[in-house]
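Summary of structural features
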Amino acid sequence: MNQIKNLDQLRLKDPTVFTDSIGHHIIGLSKLKTGNNNMGYVFTEDFENFKDINLQLITAEENCSIWSGCIFKEKATYYVFYTIRSSENGYWANQTIKYLETNDFKTVDFKALNLTPELADNNSNIFQYLPQDDSYTPHSWRDPFVFKHEDKFYMLVAAKLNKKHFNATIALLVSDDLDNWTLLNPSIVPNHDTYEELELPSIVLNDSNEVLLMVCCWERNDYIDAHINGYSPLKNNTDKIIRRKGILMTFKAPSIEKALQGQFTFDRQIPTPSNFYAGRFTLNQNAIIGHDINNLSIILMPYNKG
């Protein structure tokens, strides 16, 4: 594709695409009147015609909301990894990674995984488990991105290290079976003390077989300005964080082996339209998928991964 495409007929926040031999599988978040999210699914062969639309692939239960994830396929089975955000103790409460299996995105089998930061770091306090009273930002343990290399599975997770500010990072975990995960590297991004918020990690190989890691980042001062004005995610007040234009960044590793060792360097910031947020690679389309922050419609943006 060579120009931005607005899919106005699809209202899905934080969309992710998985492409296989039959077409493109899209998951994203559909907003409920309660303010919580379900996870929806839609299939397309050409990004023009859409079918099998199911806005309740995963439904939010009481006191929780569904947050972003990914689709991963092994043999004939699709795996949908996703985040559950509990709201029982306030909006910024616990975040847990779970997954389901499906062959057709109609009949699903929810698995027993409940992957928390405490479980990932074996209660060693590497990660922030819950937000702190004077933190600028909510804690983070979400947006899993799963891929396979040789005979092992790997997961990228948007996380927060256990300090108050500029603690956003991307963690890397490894598994032999998708059910039991071991922390491989708590922070694979360089200068991890630079960012307040990193979201929606995804990776792709460029034409030189280098590994590109893309993340979505809020502008540096968004949370700081809100905090100075008295906002805290733990306070019961009417103040809101005002999200400015999101920033897309890529980091580069010379090979998959170096990437798994966390040897990334900063690559570039990707220009985006002012209404674009939540970008992830679409592996076979030379494009980035995201959503319009104004009306939550899906946006496809051309990208030359080089």
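Here we summarise the structure given alongside this text. Computed from a predicted structure; not experimentally measured.

1. Describing the overall build of the protein chain
- Tallying secondary structure elements over the protein chain gives three helices and 20 strands in all.
- The buried share of the protein chain, taken over its 306 residues, is 56%.
- Across the protein chain, contacts joining residues at least 24 apart in sequence account for 52% of those joining residues at least 6 apart.
- Of the roughly 13600 Å² of accessible surface on the protein chain, 45% is carried by carbon and sulfur atoms.

2. Considering the pairing of strand E20 (residues 297-302)
- Among the six residues that make up E20, five are buried, leaving the element largely enclosed by the rest of the structure.
- Two strands pair when backbone bridges link them, and strand E1 (residues 5-11) and E20 are joined in this way by four bridges, in the antiparallel orientation. Residue pairing across strands places Lys-5 opposite Leu-300, the latter belonging to E20.
- As defined by bridge partners, strand E19 (residues 287-292) adjoins E20 across five bridges and the pair is classed as antiparallel. Within the sheet, the bridge partner assigned to Ala-287 lies in E20 and is Pro-302.

3. Things to note about the pattern of salt bridges
- Inspection of the entire model under this criterion finds 13 salt bridges.
- A salt bridge links Lys-5 to Glu-48; the nearest nitrogen and oxygen atoms lie 3.0 Å apart. Taken together, the positions of Lys-5 in strand E1 and Glu-48 in the loop between strand E4 (37-44) and strand E5 (50-58) put the pair 43 residues apart, joining distant regions of the chain.
- Here Lys-5 falls in the partly exposed class, since its relative accessible area comes to 25%.
- Judged by relative accessible area, Glu-48 falls into the partly exposed class, the value being 49%.
- Between Lys-111 and Glu-101 there is a salt bridge whose closest N-O contact spans 3.8 Å. With Lys-111 in the loop between strand E9 (108-110) and helix H1 (117-120) and Glu-101 in strand E8 (residues 95-102), the pair connects residues that are ten residues apart, well separated along the chain.
- Beyond isolated ion pairs, a larger network of salt bridges with shared partners links Arg-142, Asp-143, Lys-160, Glu-197 and Glu-199.

4. Observations concerning the sheet that holds strand E3 (residues 23-31)
- Strands sit in the order E2-E3-E4-E5 across an open sheet of four strands; the sheet is antiparallel. In this open sheet, the two strands that pair with only one neighbour each are strand E2 (13-20) and E5. Strand-to-strand twist in this sheet, taken as the mean axis angle between neighbours without regard to direction, amounts to 20°.
- Strand direction decides the pairing type here: E3 and E4, joined by eight bridges, are antiparallel. Bridge pairing links Leu-29 to Met-39 in E4.

5. Remarks on the pairing of E3
- Most of E3 is tucked away: eight of the nine residues are buried.
- Pairing of E2 with E3, which is carried by six bridges, proceeds in the antiparallel orientation. Bridge pairing in E3 places Asp-20 opposite Gly-23.
- From the end of E2 to the start of E3, which pair antiparallel, there are two residues.

Thresholds applied
Residues numbered from 1 in each chain as written. Predicted model: local features only at pLDDT ≥ 70, side-chain atom pairs only at ≥ 80, totals over all residues. Heavy atoms only, no water. Helix = DSSP H or I, 4+ residues; strand = E, 2+ residues; numbered from the N terminus. Buried < 20%, exposed > 50% of the residue type's maximum accessible area, 1.4 Å probe, protein only. Contact = heavy atoms within 4.5 Å. Areas by Shrake-Rupley, 256 points an atom, 1.4 Å probe, with all protein chains shown as cover. Pairing = 2+ DSSP bridges. Salt bridge = Lys/Arg side-chain N within 4 Å of Asp/Glu carboxyl O. Axes fitted to C-alpha atoms, helices over the stretch in contact; angles between N-to-C directions.

Read these as geometric descriptors, not functional statements.
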